[in-house]
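Residue-level listing of the chains:
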There are 2 protein chains.
Amino acid sequence: MFDLLQSALSPKSVAVIGASDNIHKIGGRPIHYMKRDGFQGTIYPINPTRDEVQGFKSYPSLAALPEAPDMALIVVAGDSALQAVHDCAARGVKTAVVIASGFGEVGEEGRRKQREMTEAARAAGMRIIGPNTQGIANFGTGAIGGFSTMFIEVPPMDGPVGIISQSGGMGSMAYGLVRGRGLGVRHVHATGNEADVTVSEMAWAVAHDLDVKLLLLYMENVAHPDILAATARYARERDLPIVAVKAGRSTAGQQAAASHTGSLANEDRVVDAFFRQHGIWRVRDPHGLALAAEGYIKGWRPKGDRVVIVSNSGASCVMGADAVEDAGLTLAQLKPETEAAVSKSLPGFASARNPIDITAALLSNSGLFGDVLPFVAKDPAADMFFIHIPVSGAGYDVERFANDFASVEKETGKPVVLASWQENVAAVFRSKGVATYDNEAQAIGVLGQLAHHAALLREPRTQWGEVAPCSLPPATGSYLHESDTLSLLASRGIRTVKHVLCQTPGQASQAFDQMGSPVVVKACSMEVPHKSEHGLVALNIQSADEAVKAFEQQSAKLKSMGVRQDGIIVAAMERGNLEMMIGARRDPQFGPVVVVGAGGKYVEAMKDCALLLTPFGKEDVMRALKTLRVAPLLDGVRGEPAADLDALADMAVRVGQLMVALGETVSSIDLNPVMMTPSGPVVVDALLERA
Amino acid sequence: MFDLLQSALSPKSVAVIGASDNIHKIGGRPIHYMKRDGFQGTIYPINPTRDEVQGFKSYPSLAALPEAPDMALIVVAGDSALQAVHDCAARGVKTAVVIASGFGEVGEEGRRKQREMTEAARAAGMRIIGPNTQGIANFGTGAIGGFSTMFIEVPPMDGPVGIISQSGGMGSMAYGLVRGRGLGVRHVHATGNEADVTVSEMAWAVAHDLDVKLLLLYMENVAHPDILAATARYARERDLPIVAVKAGRSTAGQQAAASHTGSLANEDRVVDAFFRQHGIWRVRDPHGLALAAEGYIKGWRPKGDRVVIVSNSGASCVMGADAVEDAGLTLAQLKPETEAAVSKSLPGFASARNPIDITAALLSNSGLFGDVLPFVAKDPAADMFFIHIPVSGAGYDVERFANDFASVEKETGKPVVLASWQENVAAVFRSKGVATYDNEAQAIGVLGQLAHHAALLREPRTQWGEVAPCSLPPATGSYLHESDTLSLLASRGIRTVKHVLCQTPGQASQAFDQMGSPVVVKACSMEVPHKSEHGLVALNIQSADEAVKAFEQQSAKLKSMGVRQDGIIVAAMERGNLEMMIGARRDPQFGPVVVVGAGGKYVEAMKDCALLLTPFGKEDVMRALKTLRVAPLLDGVRGEPAADLDALADMAVRVGQLMVALGETVSSIDLNPVMMTPSGPVVVDALLERA
């Protein structure tokens, strides 16, 4: 469907433009790495001042090569780099990796040069990685088109992890951290300024390397969200988890990102919603990328959220229980038989209930873990195991503990993680294949990530199929007026307030009689989107006379404002315990975004809302509603009935589908308030802004 | 003021009841440690089966000793331990450290034995540490009455840190982690079940060791909050920061704590308020205790919250900016001169604005940090410095970087922290005295802790002086009725709704005329604290006739309920944009707690409130109000005026003082709603529950 970038990932030949004999220079490192890591293709150093570079024949220019290389690394700087891109395009290079900085990240002139690069490449059918990149590395093929120092500091080992990063530094750091956990890494690719190839596109390509079992991403903006979405769908099908950092969460961070890789800002909550929708787990930093890697690679996909804690410290049991709650997990309730069996093995003052405190008695009896764990392992209530040894060393049989733990993992296939901050203790466990962490927050955080991510990936994906397009009435202003907006919503099966658009006082009087007391009278003008600020809403009108009076007042007010008069609305006055809102807008990168939340006039100040990207289903809305601060009220408190969330969710889905149906013609739709009446949600006011 | 526990911290003689020759047995370790760590007093092993233990003359019993030892360690188990406590009391021992478990933490019989221990000690004027403790250790005197394995794993070095922990494991872990950061530790004391000496009391004693410059506490409940408060006051005077873990934050954690050290549950938000009030910084775990230790010891007390970030990775700049925001800090705005000077030293594509990205060009020019840092260091906008080197190693002059950073710290006296996850890189920096961390979240989190803690300790402490006691009307039920409660509040200078308590329909009619339309009519009965649930509140009454009708309906309703009738209240109907609440109750351990928050009928469900402990001032309330979710509305939105927070804060202070004045006679007071009217807050409804 998209480019698999084979000329970058598995090139047959690599030219290095600006090749150096010094392996600590940027132009020297890639050649050194390819030589060291067994690259089987041809290496063409290009350096007009030398005959040979690191033992390879050197060429004065790209033109002098015997063939067009699959990949060319452009190590020269500034305008020479730009020229080199042109040369590569002319020579038929398939992928150019542009290491040089000073383009899109540094102002208008830089951006112009970067565009020139992209255009030259496109015209020639050449792909560009970079500029401003540390390069790419495939340890499966030995094709290393990058200069990261980390490949010297932490020797490579081919393995199941793929890392793709806008930032070379963060890619290298994730590589080092994952390798530090004893795991092999195949791919480490940095996309830099993304003049052409983005993290999303590279992720698509790497996801198709079937040896890759875990995909780690670092982004400063999400370019090509459609390709990333397609990658996530494909990855889910083949059980390839994706974990991602999207840095620039804060305003200051986004500004820094702009001067780092020239990234555009993404609204962070939309990014969250996008990752959630596509089953991508978001973490904060490269440490977060590496922490759970072993668990993913071991195939841990916990079926539940129940943790068993065992420790030789009661305090660790206390803090472990706290951490379990922090991580949104629960303590497993062991069977009475399990507790009885555990109890028999422990001294009288120890706790046989989960969290299980075997106490400092471990110092005198090294068999305690081994006595207890087999019983716990058999209990079906245990989804995951956390063992904390905050104090060990001299006098403890750590080797024996490690074997005891490793066998729980072996026998149950369930996650077993250890926290021990003492490196000499942790090392023994690691040597038996146990995943180790510094403290309970980390270890239990990893269990939480694995459990919640697995649950997220088990959620059924909503598909809407084809949504038939629909169109707005002919435009006469930026807004659709309220009555038309309500009618449009009603035509899509959304329950709106009963109302009549009146043009004369007589119609208003009639409308009152038809509607029944009390009513709301409000002016309708597509030029006045925010009526109440102008005193154009009269609530609780209790007679036809009052309705007529309000009609006349509001007509006069509109006239005095000199704005278009589309009529005066007489509407039933809906009452409910709670006002909610549903909003929708079009994000320039991610498309339609639907917002559900607490409604009313303080909606902007309170910001109590959740975001959904289309397509989504009712169950997605229900889950989003549960995250609101106002959620406890939706369940019904103080004897009030629970709100009809199913109907509210249905309404949100219909709004999302309307956004899709209207396509580029609409900018935003706001349903606020949606009154939660005893008979269900009713849209009381609505506003549509055209694109 | 309190016991300085000198017989425990600096004993002249120590008996070990249950002494062992095996240094890996609990009865062997303390003797080994005292010998190794230069204890200058006398050691008396007590073991009837041996003549000598670890080279010391052994005695058959306590009675056989030539003198009453200052301190006795009771290492024997169960009932023998209990007997040993009696023996110690009889022999005139000053402090008994009871290592044995199986007392207060394991049910009624254990609690009985623990009480027996305490009573025996009290009767003899002896102090007890424990039972169920790992013991105590003073590396200043070499008096080690504990068996922690950690004192073998990580050799002691006397120094400025004092650690006091209910849990021996957590004390040991904090010790190991602090020592691992290269700092010396003098005190490591575990209080276990706290049959007598608590963490609070031990903290008082250790705070009086003037060589101690940082006090680290681990607690599972806060016993003796008064002593801890006094300790915190004293510590603040002598610039001794206190950092504490209070574990058992969650319900599950509190249950685990009960079976660990028999701890009672503290309400966690009250614990937060207590720590805040006393300038104690709360962290999550022993890692949290250790992380900022170097900063405290170096005397870092940042005057502001502005951070400068410098990195060789643009991505680290982005994530650093995010982390600064996460930590509640700000990015320093450097002077244009500084930026210009920095800019001159950097390649054109690097960013001279904070965060400063010196880029991977560092690989070719090792002087970049040294070129840039002196300019930045001079800028007065910089309160703290964070340097991140996510990638370094071969080809980089790390030694030079470390010297460059160390000189910034030396010249400015301001905090300089480094993040580098590469141990070989970090080690070079540590060797120059630079504080190093794994990642930006940790390093910037530490800066945030230091800055916020310093600011907290600079806040003036509120003193109320003597609050004159006041008394309630004679009790005739559990509640004071609404009218009496409002009158009581009014008598304390709290603005309450205008109202009349009516006994006849005629009075109600009169009250309406007096009050002016509209009014609220509500039944008043001390037996019906929650009126609206029984339909006993009529809002928006617009005529005297309606008022009379409401009076009659409510009287009849009270009669039909068969409850006491204290009258019917006719009250002015206050209108405002926002309903707040002020509540107060008496916490069994911490005394009066005042709660301010969003009011109205959903107050329990929404839980949007902040806690304050007495005494507190208006500025404390203002700060608490800023933490509410409803805070943006208090500032005034959509053209509404800002709420009179000063008056609301004043009201909260008065409620707190009333709680103190009423003392033990009151259980709770609830002012809900406090209507935020244009002319200020007015208490519209109030309820007082007697103790």
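Everything numeric in this text was worked out from a predicted model, so none of it was measured.

A.B. asks: Got a minute to help me understand the overall build of chain A in this structure?
C.D. replies: Regarding its fold elements, chain A presents 25 helices and 31 strands. Structurally, chain A occupies a C-alpha span of about 95 × 80 × 40 Å along its principal axes. Evaluated residue by residue, chain A yields a buried proportion of 57% over its 691 residues. The contacts of chain A with a sequence gap of at least 6 include a subset with a gap of at least 24, amounting to 70%.

A.B. asks: I'm lost on the domain arrangement of chain A in this one. Help?
C.D. replies: A common way to report how large an interface is uses the accessible area buried once the components associate. Residues and elements named next belong to chain A. Split into domains, chain A comes out as domain 1 (1-132), domain 2 (148-299), domain 3 (301-458), domain 4 (498-572) and domain 5 (578-690). The straight-line distance from the C-alpha centre of domain 2 to that of domain 5 is 32 Å. Between domain 2 and domain 5, the residue contacts involve nine residues of the former and seven residues of the latter. The element that contributes the greatest number of residues to the side of domain 2 that touches domain 5 is helix H10 (residues 268-277), accounting for five residues. Of the residues that constitute the side of domain 2 that touches domain 5, the class distribution is five nonpolar, two polar and two charged.

A.B. asks: Could you clarify how one ought to interpret the confidence of the model for chain A in this entry?
C.D. replies: It should be kept in mind that the predicted coordinates are not to be read in detail where pLDDT is low. Residues of chain A with pLDDT of at least 70 account for 99%, and the chain-wide mean is 94. The ipTM, which scores confidence in the relative placement of chains, is 0.92 for this predicted complex, and the corresponding pTM is 0.94.

A.B. asks: Which parts of the structure should I look at to understand the sheet that holds strand S9 (residues 143-146) of chain A?
C.D. replies: Strand pairing in a sheet takes place through backbone hydrogen bonds and is either antiparallel or parallel in direction. Residue and element names in this part refer to chain A. Taking strand neighbours across the sheet as the criterion, the seven strands line up as S9-S8-S11-S10-S12-S13-S14 in an open arrangement whose pairing is mixed. The sheet is open, and its two borders are formed by S9 and strand S14 (281-283), each paired with just one other strand. Direction aside, the axes of adjacent strands within the sheet are offset by 15 degrees on average. Note: strand S13 (residues 242-246) against S14, three bridges, orientation parallel. Its bridge partner being in S14, Val245 is matched across the sheet by Val283. Relative to the sheet, helix H7 (residues 199-207) contacts strand S10 (161-165), strand S11 (185-190) and strand S12 (214-219), its axis offset from that of S12 by approximately 170 degrees.

A.B. asks: In this structure, what is going on with the interface of chain B and chain A? I would like to understand it.
C.D. replies: Each partner contributes residues to the interface: chain B has 74 residues there, and chain A has 76 residues. Residue assignment for the side of chain B that touches chain A shows that the elements contributing at least two residues are helix H5 (150-153), helix H6 (168-180), helix H9 (251-261), helix H13 (314-326), helix H18 (440-458), helix H22 (603-606) and helix H24 (631-634) of chain B. The element that contributes the greatest number of residues to the side of chain B that touches chain A is H13(B), accounting for 10 residues. Classifying every residue of the side of chain B that touches chain A by side-chain character gives 33 nonpolar, 27 polar and 14 charged.

A.B. asks: When you look at the environment of Gln510(A) in this model, what are you seeing that I'm missing?
C.D. replies: Relative to the assigned elements, Gln510(A) resides in helix H20 (residues 505-515). Placed 400 residues apart in sequence, Gln510(A) and Gly110(A) show a C-alpha to C-alpha distance of 67 Å.

A.B. asks: What am I meant to see in the nonpolar core here?
C.D. replies: Soluble globular proteins: nonpolar side chains tend toward being buried together. Counting 496 residues, the largest nonpolar core has Ile74(A), Leu447(A), Ile74(B), Val85(B) and Leu447(B) as the members making the most contacts within it. If you tally residues by element for this core, the top one is helix H25 (residues 645-662) of chain A, at 10 residues. In contact with Ile74(B), other than residues within four places in its own chain, are Ile17(B), Ala81(B), Ala84(B), Val85(B), Ala96(B), Val97(B), Val98(B), Ile99(B) and Ala100(B).

A.B. asks: Honestly, helix H20 (residues 505-515) of chain B in this entry has me stumped. Any pointers?
C.D. replies: One turn of the α-helix equals 3.6 residues, which is why residues spaced by three or four share an orientation. Residue and element names in this part refer to chain B. Within H20, burial applies to Ala508, Ala511, Phe512 and Met515. For H20, the buried positions fall inside an angular range of 105 degrees around the axis, keeping them on one side. Turned more than 90 degrees away from the buried face of H20, the exposed residues are Gly506, Asp513 and Gln514. Structurally, H20 contributes buried residues whose contacts are with strand S22 (499-502), strand S23 (519-524), helix H21 (544-561) and strand S25 (567-572). With its phi angle positive at about 90 degrees, Gly516 sits one or two positions after the end of H20.

A.B. asks: Help me understand the pairing of strand S30 (residues 680-683) of chain A, please; the structure alone is not making it clear to me.
C.D. replies: Residues and elements named next belong to chain A. The pairing of strand S29 (residues 666-677) with S30 spans four bridges and is antiparallel. Residue Met676 lies in a different strand from S30, and its bridge partner there is Pro681. Taken together, S29 and the strand that follows it, S30, pair antiparallel across an intervening segment of two residues.

A.B. asks: Before we go on, may I ask you to explain the relation of the copies chain B and chain A in this structure?
C.D. replies: In summary, the two copies of the chain are related to each other by a rotation about an axis coupled with a shift along it. Superposing chain B onto chain A requires a rotation of 180 degrees together with a translation of 0.0 Å along the rotation axis, leaving an RMSD of 0.1 Å. The transformation just described matches what one would write down for a two-fold rotation axis. For chain B, the residue whose C-alpha comes nearest the rotation axis is Arg629(B), separated from it by 4.6 Å. The share of interface residues of chain B whose copies in chain A are also at the interface is 100%, consistent with both copies meeting through the same surface.

A.B. asks: Hey, could you run me through the sheet that holds strand S24 (residues 537-541) of chain B in this one?
C.D. replies: All names here are of chain B. In spatial order, the strands read S22-S25-S23-S24; together these four strands make up an open sheet with antiparallel pairing. The open sheet terminates on both sides in strands that have one partner only, identified here as S22 and S24. Strand-to-strand twist across the sheet, computed as the mean angle between neighbouring axes with direction ignored, equals 20 degrees. Of the strand pairs in this sheet, S23 and S24 are connected by three bridges, and their pairing is antiparallel. Bridging across to S24, Val521 finds its partner in Ala538.

A.B. asks: I'm lost on H7(A) in this one. Help?
C.D. replies: Residue and element names in this part refer to chain A. Most of H7 is tucked away: nine of the nine residues are buried. Every buried residue of H7 is accounted for by Val199, Ser200, Glu201, Met202, Ala203, Trp204, Ala205, Val206 and Ala207. In this structure, the buried residues of H7 make contact with helix H1 (6-9), S10, S11, S12 and helix H8 (225-237).

A.B. asks: What is the right way to look at the environment of Lys94(A) in this model?
C.D. replies: Residues and elements named next belong to chain A. Structurally, Lys94 can be placed in the loop between helix H3 (78-91) and strand S6 (95-98). Overall, the presence of 21 C-beta atoms within 10 Å leaves Lys94 in the buried class. Once the C-alpha coordinates of Lys94 and Leu5 are considered, the two residues, 89 residues apart in sequence, prove to be 9.1 Å apart. Those residues in contact with Lys94 that sit more than four places away from it in its chain are Ser7, Asp70, Met71, Met126 and Arg127.

A.B. asks: What should I look at first to understand unusual backbone geometry in this one?
C.D. replies: Note: most peptide bonds trans; most residues except glycine with negative phi. Residue and element names in this part refer to chain B. Cis geometry is found at the peptide bond from Ser517 to Pro518, where omega equals -10 degrees. You can see Pro518 is positioned in the loop between H20 and S23. The omega torsion across Thr614 and Pro615 is -10 degrees, close enough to zero to call that bond cis. The topology assignment puts Pro615 in the loop between strand S28 (609-613) and helix H23 (618-626). Notably, Asn540 is not glycine yet its phi reads approximately 60 degrees, a positive angle. Inspection of the secondary structure assignment puts Asn540 in strand S24. The backbone of Lys607 sits at a positive phi, close to 45 degrees, despite the residue not being glycine.

A.B. asks: Help me understand the packing of helix H13 (residues 314-326) of chain A against helix H18 (residues 440-458) of chain A in this model?
C.D. replies: When two helices pack together, you describe them by how their axes are tilted relative to each other and by the distance separating the axes. Residue and element names in this part refer to chain A. At a closest axis distance of 9 Å, the pairing of H13 and H18 adopts a crossing angle of 40 degrees. Accordingly, the angle class assigned to the pair H13 and H18 is oblique. Seen along the crossing, H13 lies across H18 with a hand that is right-handed. Here Ser316, Met319, Gly320, Ala323 and Val324 of H13 lie close against H18, whose contacting residues are Glu440, Ala441 and Ile444. Grouping the constituent residues of the contact of H13 with H18 by class yields five nonpolar, two polar and one charged.

Procedures and definitions
Residues numbered from 1 in each chain as written. Chains lettered and ligands numbered in written order. Predicted model: local features only at pLDDT ≥ 70, side-chain atom pairs only at ≥ 80, totals over all residues. Helix = DSSP H or I, 4+ residues; strand = E, 2+ residues; numbered from the N terminus. Buried ≥ 20, exposed ≤ 12 C-beta atoms within 10 Å, placed from the backbone. Contact = placed C-beta atoms within 7 Å. Domains from an automatic or database assignment. Nonpolar A, V, L, I, M, F, W, Y, C, P; charged D, E, K, R; others polar. pLDDT = per-residue confidence, 0-100. Pairing = 2+ DSSP bridges. Axes fitted to C-alpha atoms, helices over the stretch in contact; angles between N-to-C directions. Core = buried A, V, L, I, M, F, W, Y, C linked by C-beta atoms within 7 Å. Arc of directions from axis to C-beta. Least-squares fit on C-alpha atoms with pLDDT ≥ 70 in both. Parallel < 35°, antiparallel > 145°, perpendicular 65-115°, else oblique. Left-handed = near helix turned anticlockwise from the far one by under 90°.

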